[in-house]
Amino acid sequence: MTHKEKALEAVRILKEHVRADCALESGADPWKLLVMARLSAQCTDARVNAVCAELFKKYKNAAEMAACDIHELEEAVKSCGLYRTKAANLKAMSEIIISEYGGEVPSDMDALLSLPGVGRKIANLIRGDLYGLGGIVADTHCIRICGRLGFYPETLKDAVKVEKILDPLIPKEEQTEFCHRIVWFGRDVCSARSPRCQGCPLSGLCDHYLAASHTE
Ligand code: SF4
């Protein structure tokens, strides 16, 4: 089986078994998703959802966050960790969205990457989830699981390299949902520490599992 065939089969199987919604509860608001994605670095999605439920009562849009008191914003996002950098990024990105883009989050990759704190993972999330442009969101779950499946060595942890490997394997129109499904699958089945391989629907495709079976 080629990697392309394996990828298509993984897409098909995950569709049957795993939900496809985004774990961040942004209400499909581009600016809110951008804020939440930035806060989610080294923080759980559950905490980001809880923090943002309050945060978005205080700052309802990019204009309000752009005009905020930075210390109040830091306090509001403190429990997400790295709060000084995150707050500075949120305020600065909101200012740019107002001044450069008339309050709209851009869909262009280079424009997104020019926003403070936005890397390819966040840019692909925004482009795929909100603008239907696809993109591999190479987060920790995606990197780990696709390495276990055998699309690249499990030791590879470079998100940009992973994106470049997976992009030609997974059809554009499937990429966004595939990456959302991988997040839920990584939490519920293929966790970092104790993957539940027995009964895993992807076990027949999984190099990690097949290698472990052969050494037993
Ligand atoms: S078989 Fe195990 S390692 Fe492979 S995808 Fe399933 S849970 Fe993960």
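Residues numbered from 1 in each chain as written. Predicted model: local features only at pLDDT ≥ 70, side-chain atom pairs only at ≥ 80, totals over all residues. Heavy atoms only, no water.

**Digging into the environment of leucine 113**
So, point 1. Relative to the helices and strands, leucine 113 is located in helix α7 (residues 109–113).
So, point 2. On the accessibility criterion, leucine 113 (31% relative accessible area) is partly exposed.
So, point 3. For the pair formed by leucine 113 and glutamate 72, sequence separation is 41 residues and the distance between their alpha carbons is 26 Å. (Helix = DSSP H or I, 4+ residues; strand = E, 2+ residues; numbered from the N terminus. Buried < 20%, exposed > 50% of the residue type's maximum accessible area, 1.4 Å probe, protein only.)

**Focus on the layout of surface pockets**
So, point 1. There is about 480 Å³ of room inside the largest pocket.
So, point 2. Lining the largest pocket are 22 residues, and of these Ser40, Asp45, Asp139, His141 and Val183 lie nearest its centre.
So, point 3. For the lining of the largest pocket, the secondary structure elements donating two or more residues are α8 (120–131), α9 (140–149) and α11 (172–188).
So, point 4. Residue contributions to the lining of the largest pocket peak at five residues, all from α11.
So, point 5. Residues of the lining of the largest pocket, tallied by class, amount to 10 nonpolar, seven polar and five charged.
So, point 6. Built from parts of two domains, the lining of the largest pocket gets at least three residues from each of domain 1 (3–21 + 136–215) and domain 2 (30–131). (1 Å grid on protein atoms, 1.4 Å probe; cavity = no way out; pocket = protein on both sides within 12 Å on 5 of 7 lines; lining within 4 Å. Points joined across faces, edges and corners; volume = space filled by probe spheres on them. Nonpolar A, V, L, I, M, F, W, Y, C, P; charged D, E, K, R; others polar. Domains from an automatic or database assignment.)

**Some points on the site of the ligand**
So, point 1. Close to the ligand lie Arg148, Phe185, Val189, Cys190, Pro195, Arg196, Cys197, Cys200, Ser203, Cys206, His208 and Tyr209, which account for all nearby residues.
So, point 2. Looking at the shell around the ligand residue by residue, the classes come out as eight nonpolar, two polar and two charged. (Near = heavy atom within 4 Å.)

**Focus: α8**
So, point 1. Restricting attention to buried positions, one finds in α8 the residues Ile122, Ala123, Asn124, Leu125, Ile126, Arg127 and Gly128.
So, point 2. The inward-facing, buried residues of α8 contact α2 (30–39), α7, α10 (159–166) and α11.
So, point 3. Once α8 ends, the next one or two residues include glycine 132, with phi positive near 65°. (Contact = heavy atoms within 4.5 Å.)

**Notes on the domain arrangement of the protein**
So, point 1. Per the domain assignment, the segments making up the protein are domain 1 (3–21 + 136–215) and domain 2 (30–131).
So, point 2. Placing a centre on the C-alpha atoms of domain 1 and another on those of domain 2 gives a separation of 27 Å.
So, point 3. Counting from both sides, the interface comprises 11 residues of domain 1 and, opposite them, seven residues of domain 2.
So, point 4. A combined buried area of about 700 Å² lies between domain 1 and domain 2, and 51% of that area is made up of carbon and sulfur atoms.
So, point 5. If you sort the residues of domain 1 by the area they bury against domain 2, Val137, Glu163 and Thr176 come out on top, with a joint share of 47%.
So, point 6. In this assembly, domain 1 and domain 2 are joined by two salt bridges.
So, point 7. With its nearest N and O atoms 2.7 Å apart, the salt bridge here joins glutamate 163 to arginine 120.
So, point 8. There are five residue pairs in polar contact (both at pLDDT 80 or more) connecting domain 1 and domain 2. (Buried area = accessible area lost by both parts, 1.4 Å probe. Salt bridge = Lys/Arg side-chain N within 4 Å of Asp/Glu carboxyl O. Polar contact = N/O pair within 3.5 Å; in protein donor to acceptor, adjacent residues only side chain to side chain.)

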